[in-house]
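Structure assessment
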Amino acid sequence: MINFNGQLRPSEDTFLNHNNRGLRYGDALFESLRVVNGKLFFWEDHYLRLMASMRMLRMEIPMSFTLDFLAEEIQQTLEANHLNHKAARVRITVFRVDGGLYLPQHREVDYIIETHPLEMPFYTLNEAPYEVELYKDFWVNPDLLSTLKTNNKLVHVLGSIFAAENKYDNCLLLNTAKEVVEALQGNLFLVSGTTLKTPPLQSGCLNGIVRKKLIGIVQKLEDYELLETPISPFELQKADELFITNAIVGIQPITKYRKKEFANTVAKALVGKLNAVARLEA
């Protein structure tokens with residue numbers, strides 16, 4: 001079952017048409033979050049990012065779109081899919097209502113809430129081999145739009161095809177200044193000694209929720225220094241560790257980039273702290 005504007009419908013139901021602005025123009029946003037036993041991980045952060053993104057895209061935010069209202073809509077969808085006592089992935093998609101060409105006739109929005117089961121109720125560290133490569137066919141344009149979770153993800157789609165065709169687990173994206181921005185499915189962190197680096201939002205990376213949480217965690221640790229700074233491709237092979245973060249997986253260590261293999265010591269130390277923060281804030 002999916003939730004369309006508060007109505008629960010079968011997942012195979014046909015309720016969108018060719019006039020959908022998300023389909024025609026990518027005029028849409030989405031949020032993906034982890035839920036465990038009905039507890040929404042980092043829900044306030046996801047909600048505030050969604051509201052800020054809607055304002056930036058000049059969408060009209062319904063008066064009913066409160067923190068509690070959307071949380072209840074998520075809970076109803078989880079219950080309809082018998083996932084309210086399990087681990088699940090939730091996706092909320094918001095798109096402007098039908099009408100208009102590039103210029104929309106309306107500013108109001110529709111929304112869809114989808115849920116999918118997850119195997120693990122908490123973040124775990126995948127220590128299996130995980131190889132990445134740079135994707136250089138297309139670049140990320142560093143601006144405010146690139147920091148949002150919009151439905152305009154062609155670079156990520158094409159990068160995913162490149163990775164699959166060349167048997168990589170993921171790819172790292174570059175911006176127009178040839179700086180490393182992020183991975184296809186999350187933000188990037190680089191570890192060199194006791195220094196952790198992650199690209200700043202000015203480089204064009206996604207304003208990731210787990211990225212934000214890890215920055216806060218590391219800044220409180222006396223043993224490490226956290227820098228939001230541009231990362232060049234030349235730094236990748238000199239790093240001690242590389243890892244990717246997102247709201248569903250948590251922390252994904254990179255084990256190999258070209259001829260360089262990486263440890264996961266810092267990633268392993270941080271995943272427990274991330275779980276602790278997630279449980280505290282849920």
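The structure this text deals with has already been given above.
Counting starts from 1 at the beginning of each chain's written sequence and moves along it residue by residue. Per-residue local features of the predicted model are confined to residues with pLDDT of at least 70, and side-chain atom pairs are confined, for both listing and counting, to 80 or more; whole-chain, interface and lining totals are unaffected and use all residues. To obtain the side-chain values, all non-hydrogen atoms of the structure were used and water was disregarded.

Here the focus is the sheet that holds strand β1 (residues 2–4). The rule for pairing is simple: two strands pair if DSSP sees at least two bridges between them. Helix and strand definitions here come from DSSP, where helices need a minimum of 4 consecutive H or I residues and strands a minimum of 2 consecutive E residues; each element is numbered from the N-terminal end. Pairing is antiparallel across the open sheet formed by six strands, whose spatial order is β2-β1-β6-β5-β3-β4. Each end of this open sheet is capped by a strand with a single partner; those strands are β2 (7–9) and β4 (39–40). Should any heavy atoms of two residues lie within 4.5 Å, those residues are considered in contact. What counts as an axis is a line fitted to C-alpha atoms, over the stretch in contact for a helix, and the angles between N-to-C directions run from 0 to 180 degrees. Relative to strand β3 (residues 28–36), helix α2 (residues 43–56) is tilted by about 175°, and along the sheet it contacts β3, β4, β5 (87–96) and β6 (109–117). With respect to the sheet, helix α3 (residues 67–80) is in contact with β1, β2, β3, β4, β5 and β6, its orientation differing from that of β6 by roughly 45°.

Turning our eyes to something else, we now look at the packing of α2 against helix α5 (residues 209–219). Interaxial distance between α2 and α5 falls to 10 Å at its minimum, and their mutual angle equals 125°. Relative to α5, the element α2 lies oblique. In the packing of α2 onto α5, the handedness of the crossing is right-handed. Of the residues in α5, those touching α2 at Asp45, His46 and Arg49 are Ile209, Lys212 and Lys213. Tallied by class, the residues present in the contact of α2 with α5 amount to one nonpolar, one polar and four charged. For classification, angles of less than 35 degrees are called roughly parallel, those exceeding 145 degrees roughly antiparallel, those between 65 and 115 degrees roughly perpendicular, and all remaining angles oblique. A clockwise turn of the near helix away from the far one marks a right-handed crossing, whereas an anticlockwise turn of less than a right angle marks a left-handed crossing. Gly counts as polar in this scheme, as do all residues outside two lists: the nonpolar Ala, Val, Leu, Ile, Met, Phe, Trp, Tyr, Cys and Pro, and the charged Asp, Glu, Lys and Arg.

When its volume is computed, the largest pocket comes out at roughly 850 Å³. For the lining of the largest pocket, the secondary-structure elements that each account for two or more residues are β3, α2, β5, α4 (154–165), β9 (180–183), α5, β13 (241–246) and β14 (250–254). Element by element, the count of residues in the lining of the largest pocket is highest for α4, at four residues. Of the residues assigned to the lining of the largest pocket, the class counts are 14 nonpolar, 17 polar and six charged. With a 1 Å grid laid over protein atoms only, a set of points is called a cavity when a 1.4 Å probe fits there but cannot get out and a pocket when it is open yet has protein on both sides within 12 Å along at least five of seven lines; lining residues have an atom within 4 Å of a point. Grid points are joined across faces, edges and corners, and a volume is the space filled by probe spheres set on the points. Here the second largest pocket defines a volume of roughly 460 Å³. Along its surface, the second largest pocket is lined by 23 residues, and Asp143, Leu145, Ser146, Thr150 and Asn152 are the ones closest to its centre. Residue assignment for the lining of the second largest pocket shows that the elements contributing at least two residues are β7 (131–140) and α4. Among the elements that line the lining of the second largest pocket, the one with the most residues is α4, at three residues. Of the residues that constitute the lining of the second largest pocket, the class distribution is 10 nonpolar, seven polar and six charged.

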